[in-house]
Amino acid sequence: MKILVVNAGSSSLKYQLIDMDTEDVLARGVCERIGEAGSRIIHKLPDGRKYTEEVELPDHTAAFKKVTDVMLHGDYAVLKDLSDIAAVGHRIVQGAERFSESVLVTEEVVNTISEIAPLAPLHNVAHVQAIRACQAVLDKSVPQVVVFDTSFHATMPPKAFLFGVPYEYYKKYHVRRYGFHGTSHRYVSAKCAEVMGRDIKDLKLITCHLGNGCSITAVDGGKSVDTSMGFTPLDGFIMGTRSGGVDPSAVTYIMEKEGFSPKEMDLVLNKKSGYYGLSGGISDHRDLCAAADNGDEMAELARQIQVYQIKKFIGGYATVLGRVDGIVFTGGIGENSHWIRENICENMGILGISIDKEKNRHISGSECEITGADSKVAVWVIATDEELTIARDTKEICERAGLL
């Protein structure tokens, strides 16, 4: 059984084709610059072969049609017929309070995703376009499932998700903490319990998804009880280009001084802040570390600020949980930067956290324990797999509905 996983952005469409009998990835790729000049498809196979073609992609339907053409024809084909695609699973960024779990696509579901699009206008609109594109290209009998970034965090209590603003804004405009990266936090917390040989219901974990976008989640018994991202993915701690949490008065003060509109200020906070804003133009963590190692003081300060802020979140969530059984590092930075893991875990003895520095520098495999000999808390590096989680949800929901 083959399931296609789709992750659509405003001008992109990422995909993976997964054989659910083995859970092997048969192909992956991305359509870039959809609706823009210079659009192209990059299609990759597990053996390392890559196909790239510049092709006009005016919309998501054209992009999805191109994806299926490449998967069906030529030297990079992985399908004999479109009917080989048993189902499609979509990543959806914002489900708000309307969706607390993954669901089968219906017209009502699509309309609801559109209705809550103002909470994530760039993302949810694109997700709907991708769903419509699949409906246009595939047979109408092919089921589709939507998996929400926010649904894992639906278990947060009001004391964690409400902001200290007039309650009427929550009732009128749904202003609250939603949290994101939920599919990643769900996957790595479950995987951590598995590799620890423990029932997740008995564990209290802190999962750290560190990439260009970052978030940390307190997971109690397999359920999210608090997370660092908020109303949008901007909240929390500094990231590649995002500011993380900032005193709201500092924001309004800058707006007044610079004469910024809300959209202009949003651009500053989302695209010109974080490492980028502090270091003077470096947004990639690898480049930031290289510059810091070469004596760039602002690059060094930027990465130290992030580590400091992450430590505070871990400490805060430890008190929320009451104890910590495990900490998980995942995401592009969390999985690949031994520097950030070492510096986050340094001087954390008050929480019983220490790591084996040698193991930390030479991790191998998709799950690697780096716990120190005297650590009371298990520390793991676990590669996230959001696409597989989406595919598993899609398979389960479709089978339950008798569609597979």
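Report follows, based on the coordinates. Here the residue numbering is sequential within each chain, running from 1 through the sequence in written order. The model is predicted, so local features are restricted to residues of pLDDT at least 70 and side-chain atom pairs to those at 80 or more, both for listing and for counting; the totals for chains, interfaces and linings are taken over all residues. Only hydrogens and water are set aside; all other atoms, that is, all heavy atoms of the structure, feed into the side-chain values.

**A few points about the sheet that holds strand E8 (residues 144–148)**
Formally: By this definition, two strands are paired if DSSP reports at least two bridges between them. Going along the chain from the N terminus, every DSSP run of H or I of four or more residues is numbered as a helix, and every run of E of two or more is numbered as a strand. Between two residues, a contact is recorded if the distance between any of their heavy atoms is within 4.5 Å. Axes here refer to lines fitted to C-alpha atoms; in helices the fit is confined to the stretch in contact. Angles between the N-to-C directions go from 0 to 180 degrees.
Strand order in the open sheet formed by eight strands is E5-E4-E3-E2-E1-E6-E8-E7, with mixed pairing between adjacent strands. Of all the strands in the sheet, just strand E5 (50–54) and strand E7 (103–104) have a single pairing partner and so form its edges. In the sheet, strand E1 (residues 2–8) pairs with strand E6 (residues 85–92) via five bridges, with the strands oriented parallel. From the neighbouring strand, Leu 4 faces E6, where its bridge partner is Val 88. Running over the sheet, helix H3 (residues 121–137) touches E1, E6 and E8 and is turned about 170° from E6.

**Quick look at the pairing of strand E2 (residues 13–19)**
Filter applied, for reference: When a residue's accessible area, from a 1.4 Å probe over protein chains only, is under 20% of the maximum for its type it is buried; when over 50% it is exposed; and in between it is partly exposed.
Of all the seven residues making up E2, six are buried; the element is thus mostly covered by neighbouring parts of the structure. Judged from the seven bridges that link them, E1 and E2 form a sheet pairing that is antiparallel. Considered in E2, the bridge of Asn 7 is made with Lys 14. Here E1 folds back onto E2, and the loop between the two strands holds four residues. Linking two consecutive strands that pair antiparallel, namely E2 and strand E3 (residues 24–32), is a turn of four residues; a positive phi of about 65° is found at Glu 23 within it.

**Remarks on the environment of Asp 247**
For clarity, the cut-off: Each polar contact in these results corresponds to two N or O atoms within 3.5 Å; when the atoms are within protein, one needs to be able to donate a hydrogen and the other to accept it, and residues that are neighboring in sequence are counted only if both atoms are side-chain atoms.
Summarising the element assignment, Asp 247 is placed in the loop between strand E11 (223–227) and helix H7 (248–258). Each C-alpha atom, one on Asp 247 and one on Gln 94, is 25 Å from the other, the two residues being 153 residues apart in sequence. Polar contacts involving the side chain of Asp 247 include one to the main-chain amide nitrogen of Ser 249, which spans 2.9 Å.

From the geometry alone we can't say anything about function, so treat these as descriptive.
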